[in-house]
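# Observations on chain architecture
Read off the chains here:
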Amino acid sequence: MKTIRVISLQSSMVEEMVGLHMEAFPDFFLTFLGKQFLREFYRSFVDNPEVCALAAFEEETQQLIGGAVGPFMPDGFFKKLLKRSWFRFALAGIPAVLRRPATGIRLIRALRYRGDSPHGMEKYALLSSIAVSPAARKSGVGRTLLADWLKIVRAHGKEGAFLTTDAVGNESVNRFYQNNGWKLLRAFSTPEGRRMNYYVYQFENTESKENK
């Protein structure tokens, strides 16, 4: 059993976090956009009071084995991030567009993403990413990261959290969220036809406005 230590993500960890993300999600869109795009992505979560950004280490080896990041107020966070850093993200995505021109439309949509909360859930945080090293899976690091992330989110006065993940070919991840108390709100398809699941986690003693 690994001894896991969870701390705030720091700037000195970004490069290692990028490598871990690429290892954990080899076939995902952000990974295809490349290391520079991922650097900008994770840098936006470092030393930012508007987000919860955590890193998990194996105590014995001091090796980074996981990370979880997401904003407390998704819509406001991404609007400000786009206004401040859209050029750096666009520049970082150019190599991926050159490799596969069709990626350009999807990149534009990504740069325009607002992280809008579901209707009636404006007080819900967004879990943007949770990554675990393949070598550390089934060690409890994902469950520990998720629990710590939610604990901080609740301490910031939020009513819950939401996320999206692939619905197809992603059974273990969907099962992970369901086993940890996340409820499937709905399923939807992206313009590319990618099937996605929309999950919500509601803290005890709170009630979604949709149910009022």
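These numbers come from a predicted model, not from an experiment. (Residues numbered from 1 in each chain as written. Predicted model: local features only at pLDDT ≥ 70, side-chain atom pairs only at ≥ 80, totals over all residues. Heavy atoms only, no water.)

## Topic: the nonpolar core
Just so we agree on the cut-off: Remark: nonpolar core denotes a set of buried residues (Ala, Val, Leu, Ile, Met, Phe, Trp, Tyr, Cys) joined through side-chain atoms within 4.5 Å. Note on exposure labels: buried denotes an accessible area under 20% of the residue type's maximum, exposed denotes more than 50%, and partly exposed covers the range between, all computed with a 1.4 Å probe on protein chains only. Helix and strand definitions follow DSSP, with helices as H or I runs of at least four residues and strands as E runs of at least two, each counted in order from the N terminus.
Counting 29 residues, the largest nonpolar core has Leu9, Met17, Tyr42, Phe45 and Val69 as the members making the most contacts within it. Breaking this core down by element, the ones donating at least two residues are helix H1 (14–24), helix H3 (35–43), strand E2 (51–58), strand E3 (63–71), helix H4 (74–99), strand E4 (124–126) and strand E8 (195–202). The dominant element in this core, judged by the number of residues it contributes, is H1, at five residues. One finds Ile130, Val132, Ala136 and Phe203 within the second-largest nonpolar core, a separate group that totals 23 residues.

## Section: the sheet that holds E3
What counts is decided by this rule: Think of it this way: DSSP has to see at least two bridges between two strands before they count as a pair. Here the axes come from fitting lines to C-alpha atoms, over the contacting stretch only for helices, and the angles between their N-to-C directions go from 0 to 180 degrees. The contact rule is simple, with two residues in contact once any of their heavy atoms fall within 4.5 Å.
Read from one edge of the open sheet, four strands run E1-E2-E3-E5, paired in antiparallel fashion. Of all strands in the sheet, those bounded by a partner on one side alone are strand E1 (4–8) and strand E5 (129–132). Going across the sheet, the axis of each strand differs from the next one's by a mean of 15 degrees, ignoring polarity. Strands in contact with helix H6 (residues 141–155) are E1, E2, E3 and E5; relative to E2, the strand with the most contacts, it is inclined by about 150 degrees.

## Some remarks on the confidence of the model for the chain
The test is simple: Along the chain, pLDDT gives the predictor's confidence residue by residue, from 0 to 100.
Summary statistics for the chain give a mean pLDDT of 85 and a share of 79% for residues scoring 70 or more. Within the chain, the lowest mean pLDDT, 59, falls on helix H5 (residues 103–111), and the highest, 97, falls on H6. Scored below 50 in pLDDT, residues 208–212 makes nine contacts in the model with residues more than four places away or belonging to other chains.

## Looking at the packing of H1 against H3
The condition is simple: Roughly parallel refers to an angle under 35 degrees, roughly antiparallel to one over 145, roughly perpendicular to one between 65 and 115, and oblique to any angle outside these ranges. The handedness criterion is simple: a crossing whose near helix is rotated anticlockwise from the far helix by less than a right angle is left-handed, and one whose near helix is rotated clockwise is right-handed.
Taken N-terminus to C-terminus, the directions of H1 and H3 make an angle of 120 degrees; their axes are 9 Å apart at the nearest point. Judged by the inter-axis angle, H1 sits oblique to H3. H3 is crossed by H1, and the crossing has right-handed handedness. Counted together, Val14, Glu15, Met17, Val18, His21 and Met22 of H1 and Lys35, Leu38, Arg39, Tyr42 and Arg43 of H3 form the full contact between these two elements.

## Looking at H6
What counts, and what does not: To estimate the expected span of a helix, subtract one from its residue number and multiply by 1.5 Å. For this quantity, the arc is that covered by the directions from the helix axis to the C-beta atoms.
Here H6 is 15 residues long and its end C-alpha atoms lie 21 Å apart, about the 21 Å a rise of 1.5 Å per residue gives. Along H6, the residues that are buried comprise Val141, Gly142, Leu145, Leu146, Trp149, Leu150 and Val153. All buried residues of H6 project into a common sector of 160 degrees when viewed along the axis, lining one side. Residues Lys151 and Ala155 are exposed on H6 and point more than 90 degrees away from its buried face.

## Quick notes on the pattern of salt bridges
It is possible for side chains bearing opposite charge to pair when their charged atoms get close. Formally: Counted as salt bridges are all cases of a side-chain nitrogen of Lys or Arg within 4 Å of a carboxyl oxygen of Asp or Glu.
What the rule picks out here adds up to four salt bridges. Arg5 serves as the salt-bridge partner of Glu59, at 3.6 Å between the closest nitrogen and oxygen. Here Glu59 is found in the loop between E2 and E3, whereas its partner Arg5 is found in strand E1, with 54 residues between them in sequence. The class for Glu59 is partly exposed, based on a relative accessible area of 34%. For Arg5, a relative accessible area of 26% puts it in the partly exposed group. A salt bridge links Arg194 to Asp166; the shortest N-O distance between them is 2.6 Å. With Arg194 in the loop between strand E7 (183–189) and E8 and Asp166 in strand E6 (residues 160–166), the pair connects residues that are 28 residues apart, well separated along the chain. On the basis of relative accessibility, which here comes to 25%, the residue Arg194 falls in the partly exposed class. Accessibility expressed as a relative area gives 12% for Asp166, which makes it buried.

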